[in-house]
Amino acid sequence: MTTARPALDAELRELLADMPLMSQLSPDVLAQLRRLPSTPVEPLLAHRQVDRREVTVPAKDGVPIPLSVFSPANSDPATGAPCVYWMHGGGMVMGDRFSQIDIPLEWLDEFGAVVVSVDYRLAPEATGTALVDDCYQGLLWVAEHSAELGIDPARIVVAGASAGGGLAAGVTLLARDLGTPAIAAQMLICPMLDHRNASTSSRQYAGGPGVWTREMNEFGWRAVLGDLTDDDVPAYVSPALADDLSGLPTTYIDTGSAEVFRDEDTDYATRIWAVGGQAELHVWAGGFHGFDALYPQARISATARRTRTEWLARLLLPDSAT
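Everything numeric in this text was worked out from a predicted model, so none of it was measured.

Enquirer: Describe the pairing of strand β5 (residues 151-161), listing the residues and the values that go with them.
Expert: Taken residue by residue, a regular strand's side chains alternate between the two faces of the sheet. In terms of burial, β5 is a largely internal element, eight of the 11 residues being buried. Note that strand β3 (residues 81-87) and β5 share six bridges and pair parallel. Among the inter-strand pairings, M87 is bridged to a residue of β5, identified as G160. Pairing between β5 and strand β6 (residues 185-189): five bridges, direction parallel. Looking at the pairing, A161 lines up with I189 of β6.

What follows is the structure, given as structure tokens:
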């Protein structure tokens, strides 16, 4: 049975027409995608006054996890800047710490934020909680070194897109349950939250090519979950499973109306509200998965990115006019 789909934004539809799309992932296709050149960060830094520092942090099992730290040049560490801790997308199986890094670098420009991006290990080589644990260990390091990094520990925002958005949600749950570190907000951009892959929007984007389809989503989840059965999947890995969403920091969630994750993202915001939490939700009409990262020049993309930045401004710079 064919499921009707919301129409794509007209401008995005024209842009997407030139993009080669797939319907499924396989180990062979993944290997090919991983051989493609990674995102070059240098062009994004060329016009910015930025200090860059590369560090490694030990994972729980001792494996070194790379972090890239981007700070405004000539900033005074004593002033205590906000921090954006960034987790990249890629379906849990692709990407690196420079993927989609243009998004948080805009917040370095806008707020003088220190941006820290983590190179968590990927599935299927790493499975279970390894990915979210890597991200959490990196966040602990940032909080513990906040004075050295010139970061205000009360203004640390965890953020991520797609798989990174799901990992950001998992890290925030971990920090809440373990009592550390303090997180001021979570920014979840089209987050990958639910391994069950059974929502209406998931079924709508099955059976054909797309930027991220139900079949591709199933591949990513199968890679990270390994041999785990549904009953054994931790909520830190698949945050939609969390029974209790109380006590979370203020949350921003955005998604497109024309994508796999629409319904699980909307449900997550609804469940935060249901326990008295604060969440801001945007469902961009006609937006496909990752539209604003792939085509930032589109009008809908510029609006989505500006709206996120304005929300962060209200949070991080409450005394300033926006």
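Enquirer: Mind laying out the side chain of H289, listing which residues take part and the relevant values?
Expert: With respect to the secondary-structure elements, H289 resides in the loop between β8 (279-284) and α11 (291-294). Side chain to side chain, H289 and S162 meet in a polar contact 2.8 Å long. Setting aside residues up to four positions removed in sequence, H289 forms contacts with S162, C190, V211, W212, A258, E259, F261 and L294.

Enquirer: Just give me the short version of the sheet that holds β5, but keep the residues and values in it.
Expert: One open sheet holds the eight strands; their spatial order is β1-β2-β4-β3-β5-β6-β7-β8, and the pairing between them is mixed. Either end of the sheet is taken by a strand with one partner, and the two such strands are β1 (50-58) and β8. Along the sheet, successive strands turn relative to each other by an average axial angle of 15°, direction set aside. Of the strand pairs in this sheet, strand β7 (residues 250-256) and β8 are connected by six bridges, and their pairing is parallel. Paired with D254 across the bridge in β8 is H282. Of the strands in this sheet, β1, β2 (64-72), β3, β4 (114-118), β5 and β6 are in contact with helix α4 (residues 102-111), which crosses β3 at around 175°. The sheet strands contacting helix α12 (residues 299-316) are β3, β5, β6, β7 and β8, and the helix crosses β7 at an angle near 180°.

Enquirer: Can you explain the pattern of salt bridges? Please cite residues and give values.
Expert: According to the stated counting rule, one finds 21 salt bridges in the structure shown. A salt bridge links R305 to E106, with the nearest nitrogen and oxygen atoms 2.9 Å apart. Of the two residues, R305 sits in helix α12 while E106 sits in helix α4, which places them 199 residues apart along the sequence. R196 serves as the salt-bridge partner of D194, at 2.8 Å between the closest nitrogen and oxygen. By relative accessible area, which is 12% here, D194 ends up buried.

The rules we used
- Residues numbered from 1 in each chain as written.
- Predicted model: local features only at pLDDT ≥ 70, side-chain atom pairs only at ≥ 80, totals over all residues.
- Heavy atoms only, no water.
- Buried < 20%, exposed > 50% of the residue type's maximum accessible area, 1.4 Å probe, protein only.
- Helix = DSSP H or I, 4+ residues; strand = E, 2+ residues; numbered from the N terminus.
- Pairing = 2+ DSSP bridges.
- Polar contact = N/O pair within 3.5 Å; in protein donor to acceptor, adjacent residues only side chain to side chain.
- Contact = heavy atoms within 4.5 Å.
- Axes fitted to C-alpha atoms, helices over the stretch in contact; angles between N-to-C directions.
- Salt bridge = Lys/Arg side-chain N within 4 Å of Asp/Glu carboxyl O.

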